[in-house]
Amino acid sequence: MIDILLVDDETYVTESLELTIPWGELGVTTVLRAASGKEALQIMEENAVDLVVTDIRMPGMSGLELIEEVSSRWPHIRCILLTGHSDFQYAKKAIQLQAADYILKPVNDEEFMASVSAAISSLRGEWDEFDKYHRLLYSRKSDYKILRENLMHDLLLGREITARALGEQLEKYEIALQPDQPTVMMLIRLTGRFSAMDQQSLDLMEFAVGNIAEEVFGPQYNVWFGRGPHECLVMMIQKEGWTEPVLTNVEELKQPVGTFREHVIRYLQGDLSMVVTAPFPFADLTTAYRKGLGSLVLSGPEENTIIYMDNELSKRPENDAAQQALEELYKPPVLPQLLETKQWEAAARKLDAVFDAAERVCLSREHVYEMYLSVTNAFMYIAHKQGHLVHEIDHAGFDLLLAHQLIQSPDKLRRWATEMLAKLQEELSDQDGVQSRRHVIKQVQEMVTRDAGQDLSVKMIADKVYLHPVYLSKIYKAETGEGLGDYMIRMRMERALYLLKNTNKKIYEITSELGYQNPQYFSKMFKKHYGMTPNEYRDQA
């Protein structure tokens, strides 16, 4: 869709061009006319003009002055000069002003059409580059969102990583935190009207909450915001100059935390519950998350409150016996390590040792919940690494609202943990991982089928199923006999057949809907797949 503006004080020239040139063949949809430079500027202020063809000599504002003004105000517009004067100075000035072409009167239609066509091709090439750049930028941002969330989940669930490697990943994913700096974590549960929303609406609200968090905390703190693995939002913040001795409490955060909640209530008409941890070394991220999540859940599902945690709580004498019992959880080898190496019998002995120790002391509800979180974190971590959705293995135990029944006593939790370990062993120990691979293949096919019109890549899909792209391609080909890239193309082509046969959409519209950027490339792929072009198929159908 190209809009062109013809400018000449001799109106018969613009009238003749409007009536005689086959504009549709050139891809021009709208032809506008002006009799002066001033009128042309007024038209461009009110219309999205793409190409200006102007005479040079006009009263008031010359064509050279006009294109100079156009270049200054609308640099994307292409300009062609039209004049009866062949003086080289005009051509020289036109070149300096970066005019697309310079045509002499009287106008030759073929010459004029060739000049306009070249300008339009140049415009479309620029648009394609612009569109490609923004697609790549969007793809990069989408990839980063997935990678950041995967990294956050891994760290919160107990992934072991050196400070140096972690620092490199944080920098690579453009996360402005440092692994050697004190950190405060905020766990956020959306309440009020958010609780009744469907998942798509809730995703939008979580995105909006993240934007509010960036606006409130961003000016003073470095922020990492995302969705945690236990159906809550997580925000980690650091501040330049923070040191642990200075951070004995979180008093300085109470004002921005209050502002954050007020903005959520005012602009999103919902509410939230929050837990704000005491400052902790970044290496203690998993422990801080587990304790913060326990406080958030035990505060009650409908209570809209902000809890500020005290770092000294765990050091009180009355907790010593319980803490000693819980130490069994954290003695190496820890449960995630045993599960990752599939030492199922050793993992079962580990659970028995933990719960045997718990039976010998009187545990509070908070301590039982800490046991629950440690065990579920380990289960979730290994399931995610193997490409499984842990909720499909056992939904109830991983729902924060339903989990309350499991923490009424260590005995209930022990029975569930033992059963869950057996389910994981059955799910993850199939010979050669056949079942696991089939589950991944199913996820991939559902993703490609659902998003056939999106600009998906093997890398994007691999990130979503937590596998390396090369390994994913290898197991997909081994399981299905078809390359993953070939499968993605086939799904697009089948979608193309449907759209060509059952809709009146133009070829370029179908091209865009299928995620291709160039209709010629789409036609080439279609012909390679079906032996005919899209137009030939449509004519035949």
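This text follows the structure it describes.
Quantities reported herein were computed from a predicted structural model and do not represent experimental measurements. (Residues numbered from 1 in each chain as written. Predicted model: local features only at pLDDT ≥ 70, side-chain atom pairs only at ≥ 80, totals over all residues. Heavy atoms only, no water.)

(A) Looking closely at unusual backbone geometry. At Glu 174, a residue that is not glycine, the phi angle is positive and equals roughly 60 degrees. On the basis of relative accessible area, Glu 174 is assigned to the partly exposed category, the value being 40%. (Buried < 20%, exposed > 50% of the residue type's maximum accessible area, 1.4 Å probe, protein only.)

(B) Quick look at helix 9 (residues 254–268). Over its 15 residues, helix 9 runs 21 Å from end to end, which matches the ideal 21 Å to within 8%, given 1.5 Å per residue. What helix 9 keeps buried is the set Pro 256, Val 257, Thr 259, Phe 260, His 263, Val 264 and Leu 268. Down the axis, helix 9 shows its buried residues gathered within 160 degrees of arc, on one side only. Residues of helix 9 that are buried in the fold lie against strand 6 (182–191), helix 8 (199–217), strand 9 (271–276) and strand 11 (306–308). (Helix = DSSP H or I, 4+ residues; strand = E, 2+ residues; numbered from the N terminus. Expected span 1.5 Å × (residues − 1). Arc of directions from axis to C-beta. Contact = heavy atoms within 4.5 Å.)

(C) Summary view of the packing of helix 3 (residues 37–46) against helix 4 (residues 63–73). Put simply, helix 3 and helix 4 touch, their axes get as near as 10 Å, and they point 20 degrees apart. For the element pair helix 3 / helix 4, the angle class is roughly parallel. As for the relative orientation of helix 3 and helix 4, their crossing is right-handed in sense. Every residue of helix 4 that contacts helix 3 at Gly 37, Ala 40, Leu 41, Met 44 and Glu 45 is listed here: Leu 66, Glu 69, Val 70 and Arg 73. The residue makeup of the contact of helix 3 with helix 4, split by class, is five nonpolar, one polar and three charged. (Axes fitted to C-alpha atoms, helices over the stretch in contact; angles between N-to-C directions. Parallel < 35°, antiparallel > 145°, perpendicular 65-115°, else oblique. Left-handed = near helix turned anticlockwise from the far one by under 90°. Nonpolar A, V, L, I, M, F, W, Y, C, P; charged D, E, K, R; others polar.)

(D) Structural context of the pairing of strand 7 (residues 222–227). Across six bridges, the pairing between strand 7 and strand 8 (residues 233–238) is antiparallel. Each residue of the ladder has a partner; that of Val 223, found in strand 8, is Ile 237. Count of turn residues in the strand 7/strand 8 antiparallel hairpin: five residues, of which Glu 231 carries a positive phi of about 60 degrees. (Pairing = 2+ DSSP bridges.)

(E) The arrangement of the packing of helix 8 against helix 9 in detail. One can describe the packing of helix 8 onto helix 9 by two numbers: an axis separation of 10 Å at closest approach and a directional angle of 140 degrees. It follows from the interaxial angle that helix 8 and helix 9 lie oblique. Between helix 8 and helix 9 the crossing geometry is right-handed. Contacts between helix 8 and helix 9 involve Met 205, Ala 208, Val 209, Ile 212, Ala 213, Val 216 and Phe 217 from the first element and Pro 256, Val 257, Thr 259, Phe 260, His 263, Val 264 and Leu 268 from the second. Its residues assigned to classes, the contact of helix 8 with helix 9 shows 12 nonpolar, two polar and no charged.

(F) Spotlight on the packing of aromatic side chains. According to the stated counting rule, one finds nine aromatic pairs in the structure shown. Among the aromatic residues, those joined into a ring-pair cluster are Phe 522, Phe 526, Tyr 530 and Tyr 537. When the ring centre of Tyr 308 is taken as reference, the NZ or CZ atom of Lys 254 above it lies at 5.0 Å. (Phe/Tyr/Trp six-rings, centres within 6.5 Å; stacked < 30°, edge-to-face > 60°. Lys NZ or Arg CZ within 6 Å of the ring centre and 35° of its normal.)

(G) View of the nonpolar core. Core analysis: the biggest nonpolar cluster contains 58 residues, and Met 185, Trp 224, Met 236, Leu 339, Met 371 and Trp 416 have the highest contact counts within it. In terms of residue count, the dominant contributor to this core is helix 14 (residues 365–385) (10 residues). Setting aside chain neighbours within four positions, we find Leu 339 in contact with Trp 344, Ala 347, Ala 378, Phe 379, Ile 382 and Leu 421. Ala 213, Ile 237, Val 257 and Phe 260 belong to the second largest nonpolar core, which has 28 residues in total. (Core = buried A, V, L, I, M, F, W, Y, C linked by side-chain atoms within 4.5 Å.)

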